[in-house]
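Breakdown of the fold
Spelled out from the first residue to the last, the chains are:
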Amino acid sequence: MFKRVIYITVLVFAASVFGQNYVKHTVLEGETIQTIAQKYKVTPYDIYKLNPDSQSGIKPSSVVLIPKTVEKSNSKIEEKPVIAEVAEVKKTEEKVKEYKQKPSEINAKYHTVAQGDNLYSISKKYDVSVEELEKNNPDAVNGLKIDQKIIIKKGIQKGNANSKVVFAKTHEVQAKETLYNISKEYKVSIEDLEEENPFLKVDGLQPGQKLTIPTGKKNYLTQAKTPLLHEVQPKETKYGIATKYGITVEELEKQNPEVVENLPIGYKLKIFRNTNKPEVSVKEKVGEVVEEERPKFETPKATNLLDYTVKSGETMYSLTRQFALSELTLTNLNPDLKNGVREGMVLKVPANLSFAKEVKNNFKDLTKTVSKQNKKELVLFLPFNASKIQSDTLTSIGERLKKDKFLNMTLDFYSGALMAIDSAKVLGINMDVKIYDSEETKNTTNALNVISENDFSKTNAVIGPFYQVNVEKVAAALESKNIPVISPLSKEEGKSYSNLYQTVPSTEAVKSAMFEYMRAKNGNVIAAIDAKKNSVRDYIKEFHSDTKIVGLTDKGSIVADSIKKLFVKDKMNYVVMASESTQTILSITSVLQNAMKDFQVQLVILEPNETLDFEEIPLSRLTKLKMAYPSATKENDSDLASKFEHAYKKKNKVIPNQYATRGFDVTFDTMLRLAQDKSFEETLDIATEQVESKFDYNKKVTSGYVNDGIYILYYDTDLTIKQAQ
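Reading guide: rules and limits
- Residues numbered from 1 in each chain as written.
- Predicted model: local features only at pLDDT ≥ 70, side-chain atom pairs only at ≥ 80, totals over all residues.
- Heavy atoms only, no water.
- Salt bridge = Lys/Arg side-chain N within 4 Å of Asp/Glu carboxyl O.
- Helix = DSSP H or I, 4+ residues; strand = E, 2+ residues; numbered from the N terminus.
- Buried < 20%, exposed > 50% of the residue type's maximum accessible area, 1.4 Å probe, protein only.
- pLDDT = per-residue confidence, 0-100.
- Contact = heavy atoms within 4.5 Å.
- Core = buried A, V, L, I, M, F, W, Y, C linked by side-chain atoms within 4.5 Å.
- Axes fitted to C-alpha atoms, helices over the stretch in contact; angles between N-to-C directions.
- Parallel < 35°, antiparallel > 145°, perpendicular 65-115°, else oblique.
- Left-handed = near helix turned anticlockwise from the far one by under 90°.
- Nonpolar A, V, L, I, M, F, W, Y, C, P; charged D, E, K, R; others polar.
- Pairing = 2+ DSSP bridges.
- Right-handed = clockwise from strand over helix to strand, strands pointing away.
- Expected span 1.5 Å × (residues − 1).
- Phe/Tyr/Trp six-rings, centres within 6.5 Å; stacked < 30°, edge-to-face > 60°.
- Lys NZ or Arg CZ within 6 Å of the ring centre and 35° of its normal.

**Describing the pattern of salt bridges**
In this structure the tally under the stated criterion is 13 salt bridges. Residues Asp 307 and Lys 348 are paired through a salt bridge, measuring 2.7 Å at the closest nitrogen-oxygen approach. Of this pair, Asp 307 sits in strand S16 (residues 305-309) while Lys 348 sits in strand S17 (residues 346-350), placing them 41 residues apart in sequence. On the basis of relative accessibility, which here comes to 37%, the residue Lys 348 falls in the partly exposed class. A single network of salt bridges, built from pairs that share partners, joins Lys 626, Asp 716, Asp 718 and Lys 722.

**Comments concerning unusual backbone geometry**
Across the chain, the bulk of peptide bonds are trans and the bulk of non-glycine residues have phi less than zero. Between Gly 464 and the following residue, Pro 465, the backbone shows a cis peptide bond with an omega angle of 0°. Summarising the element assignment, Pro 465 is placed in the loop between strand S20 (461-463) and helix H17 (468-478). Of note, Asn 385 is a non-glycine position whose phi angle comes to about 50°, a positive value. Relative to the helices and strands, Asn 385 resides in the loop between strand S18 (376-382) and helix H13 (386-391). Taking the relative accessible area as the measure of exposure, Asn 385 reaches 9% and is therefore buried.

**Regarding the confidence of the model for the protein**
Looking at the protein, pLDDT values average 77 and 77% of them are 70 or higher. Every residue in residues 275-303 is under pLDDT 50, and counting partners more than four places away or in other chains gives 48 contacts. Residue range residues 357-361 is modelled with pLDDT below 50. Its contacts to residues more than four positions away, or to other chains, number nine contacts.

**Points about the nonpolar core**
Ranked by size, the top nonpolar core spans 60 residues in total, and within it Leu 211, Leu 378, Leu 380 and Leu 382 carry the most contacts. Listing elements by their share of this core, those giving two or more residues are helix H6 (179-186), strand S9 (210-213), S18, helix H15 (405-426), strand S19 (431-437), S20, helix H23 (639-652) and helix H24 (658-674). Counting residues per element, this core draws most heavily on H15, at 12 residues. Those residues in contact with Leu 211 that sit more than four places away from it in its chain are Lys 169, Thr 170, His 171, Val 173, Ile 182, Asn 197, Phe 199, Leu 200, Leu 205 and Lys 405.

**Examining the side chain of Ser 587**
Inspection of the secondary structure assignment puts Ser 587 in helix H21 (residues 582-595). Once residues lying within four places of it in the same chain are set aside, the contact partners of Ser 587 are Ser 557 and Ile 558.

**So, the packing of helix H18 (residues 507-520) against helix H19 (residues 534-543)**
Where H18 contacts H19, the two axes come as close as 12 Å, and the packing angle between them is 55°. The angle between the axes of H18 and H19 places the two elements in the oblique class. In this structure, the crossing between H18 and H19 has a hand that is right-handed. Within the contact between the two elements, H18 uses Glu 508, Lys 511, Ser 512, Phe 515 and Arg 519 and H19 uses Tyr 539, Ile 540 and Phe 543. Looking at the contact of H18 with H19 residue by residue, the classes come out as four nonpolar, one polar and three charged.

**Things to note about the pairing of strand S32 (residues 711-715)**
Within S32, five of the five residues are buried, which leaves the element mostly enclosed by the surrounding structure. Of the two faces of S32, the one carrying Tyr 711, Leu 713 and Tyr 715 and the one carrying Ile 712 and Tyr 714 are both buried. Here three bridges tie S32 to strand S33 (residues 721-723), and the two strands are oriented antiparallel to one another. Residue pairing for S33: Tyr 715 is matched across the bridge by Ile 721. The turn linking S32 back onto S33 is made up of five residues, and Leu 719 within it adopts a positive phi angle of 65°.

**Things to note about the pairing of strand S26 (residues 600-604)**
Within S26, four of the five residues are buried, which leaves it mostly tucked inside the rest of the structure. Sheet topology note: the strand S25 (residues 572-578)/S26 ladder contains five bridges and is parallel. By the bridge assignment for S26, Asn 573 is matched with Val 601. A crossover connection joins S25 to the parallel S26 through H21; in handedness this β-α-β unit is right-handed.

**Observations concerning H18**
Between the first and last C-alpha of H18 there are 20 Å, a value that for 14 residues agrees with the 20 Å anticipated at 1.5 Å per step. Buried residues belonging to H18 abut strand S23 (524-529), H19, S25, S26, strand S27 (628-631) and S32.

**A closer look at the packing of H15 against H23**
Two elements in contact, H15 and H23, have axes whose closest approach is 11 Å; the angle formed by their N-to-C orientations is 115°. Judged on the interaxial angle alone, H23 and H15 are roughly perpendicular. As H15 packs across H23, the resulting crossing turns out to be right-handed. Between H15, through Ser 415, Gly 416, Leu 418, Met 419 and Asp 422, and H23, the contact on the second element is made entirely by Phe 644, Ala 647, Tyr 648, Lys 651 and Asn 652. Residue composition of the contact of H15 with H23, by class: five nonpolar, three polar and two charged.

**So, H23**
With 14 residues, H23 extends 20 Å between its outermost C-alpha atoms, agreeing within 8% with the 20 Å of an ideal straight helix rising 1.5 Å per residue. Once H23 ends, the next one or two residues include Lys 653, with phi positive near 60°.

**Re the environment of Ala 528**
Tracing the backbone shows Ala 528 in strand S23. With a relative accessible area of 0%, Ala 528 lands in the buried category. Considered as a pair, Ala 528 and Ile 585 are 57 residues apart in the sequence and their alpha carbons are 9.7 Å apart. Apart from residues no more than four positions distant in its own chain, Ala 528 is found in contact with Val 550, Ile 558, Val 576, Met 577, Ala 578 and Ile 588.

**Some thoughts on the packing of aromatic side chains**
Within the structure shown, the criterion is met by 19 aromatic pairs. Their ring planes at 70° and their centres at 5.2 Å tell us that Phe 413 and Phe 466 sit as a pair that is edge-to-face. On the criterion of sequence distance, the pair formed by Phe 413 in helix H15 and Phe 466 in the loop between S20 and H17 is long-range, its members being 53 residues apart. Ring centres of Tyr 501 and Tyr 697 lie 5.8 Å apart, and the angle between their planes is 90°; this geometry places the pair in the edge-to-face category. Here Tyr 697 lies in strand S30 (residues 697-699) and Tyr 501 lies in strand S22 (residues 500-502), a separation of 196 residues in the sequence. Through successive ring pairs, a cluster of aromatic residues spans Tyr 501, Phe 680, Phe 695, Tyr 697 and Tyr 705. Sitting over the ring of Tyr 539, Lys 511 keeps its end group 4.3 Å from the ring centre. A cation sits over an aromatic face here: Lys 694 above Tyr 711, 4.7 Å from the ring centre.

What follows is the structure, encoded as structure tokens:
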């Protein structure tokens, strides 16, 4: 009844056995909670939860409890047949050796080294670059041997044959560093950093991370040749101009340092855009997917707004509710609304919005309504990139897993997906699951070849690939068949397809959810923003212009009287804080604490802020102010979450991390929706909640669907994080 079909090389891991959940640490002279947290790779908040008294300081020779973290070890690989029933994954080194000896199944061939051969002569013979030869044959870097087998991959663009071998550097991220600072230090582009360290797309930049610094890349300053000129018009903002040209406000200011403090009307801005990203168009002919031989370069979006035609019966109130915008913001975008709403008028609205629907706090349990009649088929595209492992004859599997963070992320997601498949099997769900190796990089994937070479006529849904550009290619290839394609990890705003489902809410959607919550509570919204957070200031001015912005002094402090004038009695006064300055944060929180004697006050942040983890910021301040923030995930103590963690730990000898949990949530939710007595699209009126995520799909204004399942969380005085109601 239930079958799993594997079309890839299955990689698995074992781990150390668990003991108690904490260790004891004796404080040394000069140590702080921050340095101890970094040493044990936990957050200060984790330590405060176990040691509440430490909020008032720690002394040498005192003992603090540290929550345990578990690391993976003893990584192994096992080969499975092309189509196999998966029952139990076994570890065996013989399978590894056997697998490595098999010829590659990718588009490649071998060259046997003869007398007088060198990498340059071989690159000339096969019209590939020396760099690609070294990449696919790492043992060749130290010299060639007669009769040595060299892997030659076809379709590689020819590069500089005289390029020198440069060993990759690593960089450990320090507190308050940014990708821009790191890219400038090593003279590489931010895009190359993200491509070399794919986990940055999911986790963002965090202290303690070890980044691989790409070599042989162009300096980001030389990627753009001729700048575009943009003359600043009245009422334009830096945020609006930046989004218009597909760059960030920070990039705009770095390219035009003269406008950091203000934006003069008539000033001509220089806009450098990166046009190195090729766009591969996809065609479908008689069931085949063909990539055009000449890639086109993607044209940056002309604007972040789109046209919406007002329908009969719509009012200002219904429009503001539908687009989750204030009346003032909608009017600023469409000055004609000052004369009233008229049927047929065309409005400008943000392109990344979804059609709002009634927010559901009660989620339906789809396990109670599973239909076992009709068999369904689910396909997963996961980037194991097995061909790289085959071609790497020097690196052991254990060494690869220590270095390859993207592979680790894939394996974790896969392990969670297997748990979801097992759970579906227990429920008796009638479904075939096929897993293909998507063999992907940031801009390429083998998924299109898989689609063209296999029968997808019975496929009911596809999960993956991981990278947004690749999942969009798959959605384009399957759009005519109306097969739902679920993007499991990316939060990028890309192209829209009618069959594309974004499971991770975008950064803009997460911030908008916070403002929507504050408005729903009829709150008085105030923002305290320091000078280095101009992107937040511009975002609020453009899309939440009813927010009152309080000024800061030149030293980044807040004047108590200036903010108290903006407070309202008998209302919750939400203060949005945007600053990474310790002094500014201390100033704002101090003023807000004092104001709580006379007003209802709650602190709000819109995005993660590492400075709040520093010991200098007392946790008691944040809990007293019940600091609120929006999040796409939350820790869950439900019965489902407990069962999942227990079962996962029992099977894998390690607690599930965020990627394993994500793999379970996305896969299990998709399988449950497919197992209903209706189509996948017909289940979208139902909101669901899994272990860490909720899934509340809404139709995008452009096309396709986005998950608006966002939590509003807050710090409570008992040192726990709770969900706001």
